[in-house]
Amino acid sequence: MNTDIQDIYNRLLSSHYYERLFSDLGNLKKEGRELITQCPFCESDRFSISTTKPLWKCWSCGESGDYLDYLQNKERKDFSEALIELAEIAGIEVNFDSDYQKSYQKKKIKLSLFEEAQTLFINSLTPDSPQSNYLIHTRKYGEEIKLMQLGAYPSTHKFENYLLQKGFSEEEIRDSGLLNSKLKGRISIPYPNQSGVISGFSFSPEVFKYLGLFSSLIVLKLKPEITPD
Ligand SMILES: [Zn+2]
């Protein structure tokens, strides 16, 4: 069985491995859920490290990636060296064959496609769209729309063009499982995995099952804030 990189990342995140991985960049300044320090690629001070996802990004030169990318780009390790190092630190035995790198790359592309798709879906749920109208007036949803990051699926044509423009190939778009004319006009809800990365979507009518459950949770959560004493 292949080791899932996500298991490794989850363990590394919970042990604050990023503090160690990026320690040679100098002082790591905490800003919300991020750590800010000097970029090892362009030396600007806009290098941002997530403390909730295994991700980093420089807002100045645009370099970005996950821990595996960092070990490869900055420390010049090859893919398997980097993976073995991370797995060892996480205390997870790696068990990968030559296809591992390929399937890892494929999965990574799929996840970045999901992130882009999510941006498109959110932008497609405009305040004057029939979907917004339905959510707000028929279903009486308010806060949930933002909190659950609801979106709307445009046409497959729009979906495909948008992702082609973002640099994905026709094959990658097909492999995402999202190029489906039945999804047109449906309301979308993303599923984050344990690291907060979108690992899938659900579309209406299924969305409402989760929304029902979620709104009762929100009501409980929001109550102290909306009833100040
Ligand atoms: Zn940079």
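Residue numbers here run from 1 along each chain, matching the order of that chain's written sequence. This being a predicted model, a pLDDT of at least 70 is required before a residue's local features are given, and a value of 80 or more before pairs of side-chain atoms are given or counted; all residues contribute to the totals for chains, interfaces and linings.

*Asks:* An account of the overall build of the chain is requested, with residue identities and associated values reported.
*Replies:* Runs of H or I in DSSP of at least four residues are treated as helices and runs of E of at least two as strands, each being numbered from the N terminus. Tallying secondary structure elements over the chain gives 10 helices and 8 strands in all. Counting other C-beta atoms within 10 Å of its own, a residue is labelled buried from 20 upward, exposed at 12 or fewer, and partly exposed in the gap between, with every C-beta atom placed from the backbone. Burial statistics for the chain: of 229 residues in total, 23% are counted as buried. Once C-beta atoms have been placed from the backbone, residue pairs whose C-beta atoms lie within 7 Å are recorded as contacts. Within the chain, contacts between residues separated by at least 24 positions form 48% of all contacts whose residues are at least 6 apart in sequence.

*Asks:* Kindly report on helix α1 (residues 5–14), identifying the contributing residues and their values.
*Replies:* Inspection of α1 places Ile5, Ile8, Tyr9, Leu12 and Leu13 among the buried residues, and these make up the whole buried set. An end-on view of α1 places all buried positions within 130 degrees of arc, on one side of the element. In the core, the buried residues of α1 are packed alongside α2 (17–21), α3 (67–73), α4 (79–90) and α5 (99–124). Directly beyond the C-terminal end of α1, a positive phi value near 55 degrees is found at histidine 16. It is the directions from the helix axis to the C-beta atoms that the arc portrays.

*Asks:* Can you lay out the confidence of the model for the chain for me, pointing to particular residues and giving the numbers?
*Replies:* As a per-residue quantity, pLDDT reports the predictor's confidence and falls between 0 and 100. With 87% of its residues at a pLDDT of 70 or more, the chain has an overall mean of 86. For the chain, helix α10 (residues 206–226) is the element with the lowest average pLDDT, namely 55, and helix α8 (residues 156–165) is the one with the highest, namely 97. In this model residues 218–229 is a low-confidence stretch, pLDDT under 50, and it forms 4 contacts with partners more than four residues away in sequence or in other chains.

*Asks:* So what's going on with the packing of α1 against α4? Which residues, and what values?
*Replies:* Axis geometry follows a simple rule: fit a line to the C-alpha atoms, using only the stretch in contact for helices, then measure angles between N-to-C directions, giving values from 0 to 180 degrees. Packing of α1 against α4 brings their axes to within 9 Å, and their N-to-C directions diverge by 55 degrees. By the angle class used here, α1 and α4 are oblique. Considering only the axes of α1 and α4, their crossing is left-handed. Listed contacts from α4 to Ile8, Arg11 and Leu12 of α1 are Leu86, Ala87, Ile89 and Ala90. Note on terminology: angles under 35 degrees are roughly parallel, angles over 145 are roughly antiparallel, angles of 65 to 115 are roughly perpendicular, and the others are oblique. Crossings are assigned a handedness: left-handed for a near helix turned anticlockwise from the far helix by less than a right angle, right-handed for a clockwise turn.

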